[in-house]
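Topology and contacts: notes
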Amino acid sequence: MMLTVNHYIILSAILFSIGAVGVLMRRNPLIMFMSIELMLNAVNLAFVGFSRYLQSIDGQVFVFLILTVAAAEVAVGLAIIVALFRTRQTVNVDEANTLKG
Amino acid sequence: MDLDPIVVTLIEALIKTIVVIIALLTAFAYLTLVERYVIAKIQSRIGPNRVGAIGGIALLQPIADAIKMIFKEDFWPAQADKIIYTIAPGIAVGTALLAWAVMPLHPSTEIFGYHIDFYIADVNIAVLYLLAIGSLGIYGIVLGGWGSNNKYSMLGALRSTAQMISYEISLGLALVGVLMLSGSLSLVDIVEKQSFIWNVVWQPLGFIIYFIAAVAEVNRLPFDLPEAETELVAGYQTEYSSLKFALFYMAEYINMLTVSAIASTMFLGGYQGPFGILPGVHWLILKIMFFIFVMMWMRGTLPRFRYDQLMGFGWKVLLPLALANIFVTAIVMVIFK
Amino acid sequence: MELIPFYFLAALGVIAALGVVMLRNPVYSALCLAVVFVSLAGLYVLLSAPFLAAAQVMIYAGAILILFVFVIMLLSPGSDPLKEELKWQRPLAVIFGVALVAQLALVIALAVLPPTRGPFTPELIAQIGSTQAVGASLFTDFLLPFEITSLLLLVAIVGVIVLAKKRQ
């Protein structure tokens, strides 16, 4: 049996689903955030897999841009979590239910 | 008997890996002796001169140290996270050793009709690989500090995270100038292109920035805030004893060797002699020894930075200088194309 | 020949991904995520994208995840509470997860991949170098997205400083 693009796409789908369930199930914003990163990585894997299958470099460029966006997103997200912890002394998202800090 | 070429390649890589690891571990053992001796001379003390001494230098001291270290009690702090506490020194040493997989040590030669390359792998992203492995090295320190369940360890780990992330950027950017000159990310190519003139001639600023950032990356004085003994006892390694402590110590020395080897390879021509004289591994060893000596000299003579000075220096001095270096290099390269 | 490393890395990645979602201690989750990142980097090497593999380890494992660990240590939130405030949340999450898996499986099973192929064969990428190929594309065809990304990073820096600054 040969290694085809399907192998990578199925693996990517599995990882994406695990990440999505993690976001829905966990209440710790840090772990929810990590699950989002997991979903982004699953998408990256699909991009690189298709890039190899279609013999085009575009998918790899997209992954590079996603890496940059993920870095920016994590910096802002973690700053929000730290600010939340400062005002609430907890990191349970269920308790962050008011708009004003 | 004819062997599959893949099997031959694997056996060759395995032999090279074992040789490199044994060489590094021996170098580590004797560096501890050299460091104690050099620091003693700087401070007008005698230094180790008892165990198997020849000419006033205790040549068997590393073996005595190792035996003593092995027989110490392996201490487990109460409430420590057992798994993380145990794997942290392993991560530190593992990442330190991995960097040597792409280091070219000697020009390729024919021995008894058999072609031998003196590197384990020549990948065309070697410099990126080194930076990636270097950035993983932080995990050993961070997890060790967190897993010990000790305030001093934790503070040391937090400091080292901030410090290493900050200086890693300058470290990477300082190398970009060399990459622009060489047009390659393969260390073998970079060394071969310096056969006559070393990169340090064209990139003196990049070289200085790299060396300063590298000293900060390996947590040596004047940047040893993660283990500042006057404030944090011993930082992230406070709770460690016996073999686990020895592993952290080993990681620190192998990292010193690694950054020295990268500096030699990227800026000082690696195994190339000046003006193409007798290229060979002896030049690389000589250059690494020079960097190691400078680091020991700095430890013996310089005071430690204050934390805010450390961060200010990294972000406000080194980083803009590294960016300016890339900018100037690019302009000069376009003009004198 | 390629199948053995693929299945090894895929299994490692899936087990570690389950660890990220299941484990109670955030530090363990972060470590599992590091394993996922490294196994994906290995898969990128198999897909002849070594540049992305190095970037993946450097940016995700070396910078992003270190930030996570830093914040976890700074806040030391401890483990999740065992009692849920919203009782129906866990089962609902599992139901949605199963629905997502079914949907993805359906899409993959029904998908017809286009036969058109570009010029970048693995041999060509190996010849010009993965870094050079990505770089050339990034600075020609994708110059505008690239510049916009730099703007995004600037916005992120400003945003983080605003969030981190103490209120007067």
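In every chain, residue numbers begin from 1 and rise along the written sequence. The naming scheme follows written order: chains are lettered A onward, ligands numbered 1 onward. Thresholds applied to this predicted model are a pLDDT of at least 70 for local features of residues and 80 or more for the giving and counting of side-chain atom pairs; totals over whole chains, interfaces and linings are not thresholded and use all residues. By convention in this description, side-chain values take in all heavy atoms of the structure and omit both hydrogens and water.

All names here are of chain B. Method remark: on a 1 Å grid restricted to protein atoms, a set of points is classed as a cavity if a 1.4 Å probe fits but cannot get out and as a pocket if it is open with protein on both sides within 12 Å along at least five of seven lines; lining residues have an atom within 4 Å of a point. Grid points are joined across faces, edges and corners, and a volume is the space filled by probe spheres set on the points. Considering all chains together, one arrives at four cavities of 30 Å³ or more under this definition. Approximately 430 Å³ is the volume found for the largest cavity. As for the largest cavity, its lining consists of 28 residues, and the residues nearest its centre are Gly134, Met164, Glu217, Val218 and Asn255. Under the scheme used here, helices are H or I runs from DSSP no shorter than 4 residues and strands are E runs no shorter than 2 residues, and both carry numbers assigned from the N terminus. Sorting the residues of the lining of the largest cavity by element identifies helix H3 (82-98), helix H4 (126-136), helix H6 (151-182), helix H8 (204-217) and helix H10 (242-267) as the ones contributing at least two each. Under this grouping Gly is polar, as are all residues other than the nonpolar Ala, Val, Leu, Ile, Met, Phe, Trp, Tyr, Cys and Pro and the charged Asp, Glu, Lys and Arg. Its residues assigned to classes, the lining of the largest cavity shows 17 nonpolar, seven polar and four charged.

With that settled, the discussion passes to the interface of chain C and chain A. By the convention used here, residues are in contact when the closest approach between their heavy atoms is within 4.5 Å. Residue-level contacts link 80 residues of chain C with 70 residues of chain A. The contact between chain C and chain A buries some 7,000 Å² in all, and 75% of this surface belongs to carbon and sulfur atoms. Salt bridge criterion: a side-chain nitrogen from Lys or Arg within 4 Å of a carboxyl oxygen from Asp or Glu. The interface formed by chain C and chain A contains zero salt bridges. Polar contacts, as counted here, are pairs of nitrogen or oxygen atoms within 3.5 Å of one another; within protein the pair requires one atom able to donate a hydrogen and one able to accept it, and residues that are adjacent in sequence qualify only if both atoms are side-chain atoms. At the junction of chain C and chain A, the tally comes to five residue pairs in polar contact (both at pLDDT 80 or more). Contributing elements (two or more residues each) for the side of chain C that touches chain A: helix H1 (3-22), helix H2 (26-46), helix H3 (50-75), helix H4 (89-110), helix H5 (122-128), helix H6 (130-138) and helix H7 (143-164) of chain C. Tallying contributions element by element places H3 of chain C first for the side of chain C that touches chain A, with 12 residues. Across the side of chain C that touches chain A, the residue classes tally to 61 nonpolar, 12 polar and seven charged. Summed over both partners, the accessible area (1.4 Å probe) lost when two parts come together is defined as the buried area.

Residue and element names in this part refer to chain C. The assigned domain composition of chain C is domain 1 (1-78) and domain 2 (120-168). Domain 1 and domain 2 are separated by 21 Å when their C-alpha centres are compared. Each partner contributes to the interface: domain 1 provides four residues, whereas domain 2 provides five residues. Across the domain 1/domain 2 interface, buried area totals approximately 350 Å², and carbon plus sulfur atoms make up 72% of it. What fixes the domain bounds is an automatic or database domain assignment.

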